[in-house]
Amino acid sequence: TKMADTIQVMDSASATATGVIKVLDALGLVCEIIQKEMGLADGRVYIYDQKINSPTDSDLFIAVGVLQSKPFGSSTSYDTSGEDMLEVQSVNVLDILSINIISRSTEALRRKSEVLLALGSTYAEQQQEANSFSIGKLPRGGQFVNLSEIDGAAIPYRFNISVNIMHFVSKVKTVPYFDNFTNPPSVTTEP
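Let me sum up the structure you'll find in this document. A quick note: this is a predicted structure, and the numbers were derived from the prediction, not measured. (Residues numbered from 1 in each chain as written. Predicted model: local features only at pLDDT ≥ 70, side-chain atom pairs only at ≥ 80, totals over all residues. Heavy atoms only, no water.)

**Thoughts on the packing of aromatic side chains**
Here's step 1: Applying the stated rule across the entire model yields 1 aromatic pair.
Here's step 2: Look at tyrosine 157 and phenylalanine 159: their rings are 6.5 Å apart centre to centre, the planes differ by 10°, and that puts the pair in the stacked class.
Here's step 3: The ring of phenylalanine 144 carries lysine 112 above its face, with NZ or CZ at 5.9 Å from the centroid.
Here's step 4: The lysine or arginine in question, lysine 112, covers the ring of phenylalanine 159, its NZ or CZ lying 4.9 Å from the ring centre. (Phe/Tyr/Trp six-rings, centres within 6.5 Å; stacked < 30°, edge-to-face > 60°. Lys NZ or Arg CZ within 6 Å of the ring centre and 35° of its normal.)

**Considerations on the pairing of strand E5 (residues 85-103)**
Side-chain direction in a regular strand flips from residue to residue, so the side chains alternate between the two faces of the sheet.
Here's step 1: By the bridge criterion, 17 bridges tie strand E4 (residues 61-79) to E5 in an arrangement that is antiparallel. Directly across from isoleucine 62, in E5, lies its bridge partner isoleucine 101.
Here's step 2: Sheet topology note: the E5/strand E8 (residues 157-175) ladder contains 19 bridges and is antiparallel. Looking at the pairing, isoleucine 102 lines up with arginine 158 of E8. (Pairing = 2+ DSSP bridges. Helix = DSSP H or I, 4+ residues; strand = E, 2+ residues; numbered from the N terminus.)

**What about the nonpolar core?**
Here's step 1: Residues Ile34, Ile62, Val64, Ile99 and Leu119 are the most contacted members of the largest nonpolar core, which totals 28 residues.
Here's step 2: Contributing elements (two or more residues each) for this core: helix H1 (26-38), E4, E5, helix H2 (107-119), helix H3 (122-131), strand E6 (133-135) and E8.
Here's step 3: Sort the elements by how many residues they give to this core and H1 lands first, with 8 residues.
Here's step 4: Core analysis: the second largest hydrophobic core is formed by 5 residues, Tyr48, Phe61, Ala63 and Ile102 among them. (Core = buried A, V, L, I, M, F, W, Y, C linked by side-chain atoms within 4.5 Å. Buried < 20%, exposed > 50% of the residue type's maximum accessible area, 1.4 Å probe, protein only.)

**Remarks on unusual backbone geometry**
Here's step 1: The phi angle at serine 14 is positive, at roughly 65°, despite the residue not being glycine.
Here's step 2: Tracing the chain through its elements places serine 14 in the loop between strand E1 (4-10) and strand E2 (16-22).
Here's step 3: Non-glycine residue serine 132 carries a positive phi angle of around 55°.
Here's step 4: Within the secondary structure layout, serine 132 lies in the loop between H3 and E6.

**Regarding H2**
Here's step 1: For H2, which comprises 13 residues, the first-to-last C-alpha distance of 18 Å matches the rise-based estimate of 18 Å (1.5 Å per residue) to within 8%.
Here's step 2: The axis of H2 is deflected most strongly, by about 30°, at serine 113.
Here's step 3: Three or more residues of H2 are buried, namely Glu107, Ala108, Arg111, Lys112, Val115, Ala118 and Leu119.
Here's step 4: Contacts from the buried residues of H2 go to H1, E4, E5, H3, E6 and E8. (Expected span 1.5 Å × (residues − 1). Bend = angle between axes of the 7 residues up to and from the residue. Contact = heavy atoms within 4.5 Å.)

**Here's the deal with the environment of alanine 26**
Here's step 1: With respect to the helices and strands, the residue alanine 26 is situated in helix H1.
Here's step 2: For alanine 26, a relative accessible area of 10% puts it in the buried group.
Here's step 3: Between the alpha carbons of alanine 26 and asparagine 131 there is a distance of 7.8 Å; along the sequence they are 105 residues apart.
Here's step 4: Not counting residues up to four positions away in its chain, the partners in contact with alanine 26 are Phe133, Ile165 and His167.

In structure tokens:
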């Protein structure tokens, strides 16, 4: 999937500037923030769906998934200011994320707290503001849960913590005007 767009602008003096804008949903942006702030290579932070891939090397892996998703507001409105009528729909959502920090070495043990530092960084704040989502502060009583287990002769380290994010999903589509009828109505009166 496409992860970024490059935007180039030119002013009246023909000077140009180029910028890269991330094209991700809130969950993808959380993964991107963790990857960038922790200095991890591509593919080391991924979105999972109830399946944890065991690392085959000693480097750190981060798996981010959604434990619960609670919609808490929705709206539908219509924009008739242009040539076409647009239906604008949006839903506000609170997601509880499950973040798993995994390694075959002590990397997960040593670096697990860096995930929280990444989510509280200036870069994370910039991404939240630019993309209209919010990473919640740690809930009272939040903690890393040690899920490490024995795998043959190795003991892969795995720690889990839950984090909340709030975001919205929107959709805009063209719809026919309500006052446009394919067959005009006819009035029949009795003679």
